[in-house]
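Okay, here's what each chain looks like letter by letter:
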Amino acid sequence: MTEIIVVTSGKGGVGKTTTSASMACGLARRGKRVAVIDFDIGLRNLDLIMGCERRVVYDFVNVINGDCTLKQALIKDKRLETLHVLAASQTRDKDALTEEGVRRVLDELTAEQFDYIICDSPAGIEKGAHLAMYFADRAVVVVNPEVSSVRDSDRILGLLASKTHRSANGNGGVKEHLLLTRYNPRRVANGEMMSVGDVKEILGLDVIGVVPESPDVLAASNAGVPVILNEDSDAAAAYGDAVARLLGEELPLRFLEEPKRGFFARMFGG
Amino acid sequence: MGLLALFRSKPNSASIAKERLRIIVAQERGGRGGPDYLPLLRRELLQVIHKYVNVDPEAVQINLEREAGHEVLELSVALPEKPGA
């Protein structure tokens, strides 16, 4: 059975593509067949985060328009055998994506027996974002513990509940999860940042993961190696946990408290 | 956080954020799923009310409540304390 997961947020720059790339890698690392699709038409970026930007020959819109086969457009990851990337098109044509076209590509991936299709949504609530979520079975809503991100996430939750194939057809709706990124336990402890509990309470949703703010995320995108593959990173461990929870494992949340610092460090700052 | 920070009491900005979000999210959820004309209706009602009373735009609340079998459109206007104020 193929499961379609949309990674979405409303607000831009909160970590959707980073999350899509890491979740896709995490699932593939567990032997699942995964296709990750960039829905940000005109602003292709998933290829860079995945490190396959120089191997893009055909893209999502080419497949929809019949310029090539799906097989030709899927880029096989060099690190994980069961992972495939479908790049966004760089066209400026807003209408390049159609509901019918997206449905055909998703149906074909389903027929190819992929276990998971990860749809990396663009920011905003326009067509690309709408189509990324439309056919989803589950949604990972990426949120930063910050007012505008939380508000936009709530807006997205409203759309997931009303403007998706599942909601329209009464198939029990889209299963929603929250994933907090850029979490800074020290600032939470100082009362400068909302806590996981605060965000959870406002949005009323289960938390599938909390990724601590980490320099490793930028380093990963610089290198084109999804951060989950960095074995020494807390962010990677947090994404690993989120993938495990997605697969139904029950794990306690980690990295919610700052690492203990010595007496002098606390007294004299740093 | 240095030594000085221990003696300075700062307002807790995270709790301000949480409170503001709680209110705005509840308000936006209330308007969700309602008919598309609701924001326009609100604006036009506000204009009419404004012709007679100088009310704060924030003081006009429109809510659509759904109950079994029927919908209730609730309009609440908080009038200023002094007329014309």
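Keep in mind that this is a model prediction, so the values were computed, not measured.

S.K.: Is there a simple way to explain the pairing of strand β4 (residues 83-86) of chain A in this structure?
M.R.: Walk down a regular strand and you will see the side chains alternate between the two sheet faces. Residues and elements named next belong to chain A. What you see with β4 is no split at all: Leu-83 and Val-85 on one side and His-84 and Leu-86 on the other are buried throughout. In this structure, strand β2 (residues 34-38) lies alongside β4, joined through four bridges in parallel fashion. By the bridge assignment for β4, Ala-35 is matched with His-84. Sheet topology places strand β3 (residues 75-76) next to β4; two bridges connect them, and they run antiparallel. Residue pairing across strands places Lys-76 opposite His-84, the latter belonging to β4. Here β3 folds back onto β4 in antiparallel fashion, the turn holding six residues.

S.K.: Would you explain the sheet that holds strand β8 (residues 207-212) of chain A in this entry?
M.R.: Whether parallel or antiparallel, the strands of a sheet pair through hydrogen bonds between backbone atoms. All names here are of chain A. Taking strand neighbours across the sheet as the criterion, the eight strands line up as β3-β4-β2-β5-β1-β6-β7-β8 in an open arrangement whose pairing is mixed. Each of the sheet's edge strands pairs with one partner strand only, and the pair in question is β3 and β8. Bridging between β2 and strand β5 (residues 116-120) involves five bridges; their strand directions are parallel. For Ala-35, the partnering residue across the bridge sits in β5 and is Ile-117. Its contacts with the sheet put helix α12 (residues 234-246) on β1 (3-8), β6 (138-143), β7 (175-183) and β8, and the angle it makes with β8 is roughly 175 degrees.

S.K.: Would you take a moment to explain the side chain of Ser-89 of chain A for this structure?
M.R.: Residues and elements named next belong to chain A. Mapped onto the secondary structure, Ser-89 falls in the loop between β4 and α5 (99-111). Note on Ser-89: relative accessible area 5%, which makes it buried. Of note is the side chain of Ser-89, whose polar atom sits 3.0 Å from the backbone nitrogen of Thr-91. With residues up to four places along the chain from it excluded, the contact list for Ser-89 reads Asp-40, Ile-41, Gly-42, Leu-43, Arg-44, Asp-59 and Val-61.

S.K.: Even after reading the chapter, I still don't get the packing of aromatic side chains, so can you show me in this structure?
M.R.: For any pair of aromatic rings, the description rests on two quantities: the centre-to-centre distance and the angle between the ring planes. Residues and elements named next belong to chain A. Summed over the entire model, instances satisfying the criterion amount to two aromatic pairs over all chains. A centroid spacing of 5.0 Å and a plane angle of 80 degrees characterise the contact between Phe-39 and Phe-60, whose relative ring orientation is edge-to-face. Taken together, the residues span a long stretch of sequence, with Phe-39 in the loop between β2 and α2 (46-50) and Phe-60 in helix α3 (residues 60-65) at a distance of 21 residues. By relative accessible area, Phe-39 is classed as buried at 0%. The ring of Phe-114 carries Arg-33 above its face, with NZ or CZ at 4.3 Å from the centroid.

S.K.: Just checking my understanding: could you explain the interface of chain B and chain A for this structure?
M.R.: By a widespread convention, an interface's size corresponds to the accessible area lost as its parts come together. The partner chain A presents 18 residues to the 18 residues of chain B that form the contact. For the pair chain B and chain A, the two sides together bury roughly 1,700 Å², of which 52% comes from carbon and sulfur. Connecting chain B to chain A are five salt bridges. Glu-201 of chain A is the partner of Arg-22 of chain B in a salt bridge, and the nearest nitrogen-oxygen pair spans 2.9 Å. Between the two partners, chain B and chain A, sit nine residue pairs in polar contact (both at pLDDT 80 or more).

S.K.: Explain α5 of chain A here, please?
M.R.: Residue pairs spaced three or four apart in an α-helix point in one direction, given the helix's 3.6 residues per turn. Residue and element names in this part refer to chain A. The end-to-end C-alpha separation of α5 is 18 Å, in line with the 18 Å expected for 13 residues at 1.5 Å each. Looking at α5, one finds that the buried residues are Gly-101, Val-102, Val-105, Leu-106 and Leu-109. Down the axis of α5, the sector holding all buried residues measures 130 degrees, keeping them to one side. Gln-113 sits one or two residues past α5 and shows a positive phi near 60 degrees.

Rules of the game
- Residues numbered from 1 in each chain as written.
- Chains lettered and ligands numbered in written order.
- Predicted model: local features only at pLDDT ≥ 70, side-chain atom pairs only at ≥ 80, totals over all residues.
- Heavy atoms only, no water.
- Buried < 20%, exposed > 50% of the residue type's maximum accessible area, 1.4 Å probe, protein only.
- Helix = DSSP H or I, 4+ residues; strand = E, 2+ residues; numbered from the N terminus.
- Pairing = 2+ DSSP bridges.
- Contact = heavy atoms within 4.5 Å.
- Axes fitted to C-alpha atoms, helices over the stretch in contact; angles between N-to-C directions.
- Polar contact = N/O pair within 3.5 Å; in protein donor to acceptor, adjacent residues only side chain to side chain.
- Phe/Tyr/Trp six-rings, centres within 6.5 Å; stacked < 30°, edge-to-face > 60°.
- Lys NZ or Arg CZ within 6 Å of the ring centre and 35° of its normal.
- Buried area = accessible area lost by both parts, 1.4 Å probe.
- Salt bridge = Lys/Arg side-chain N within 4 Å of Asp/Glu carboxyl O.
- Expected span 1.5 Å × (residues − 1).
- Arc of directions from axis to C-beta.

So yeah, pure geometry; function would need other evidence.
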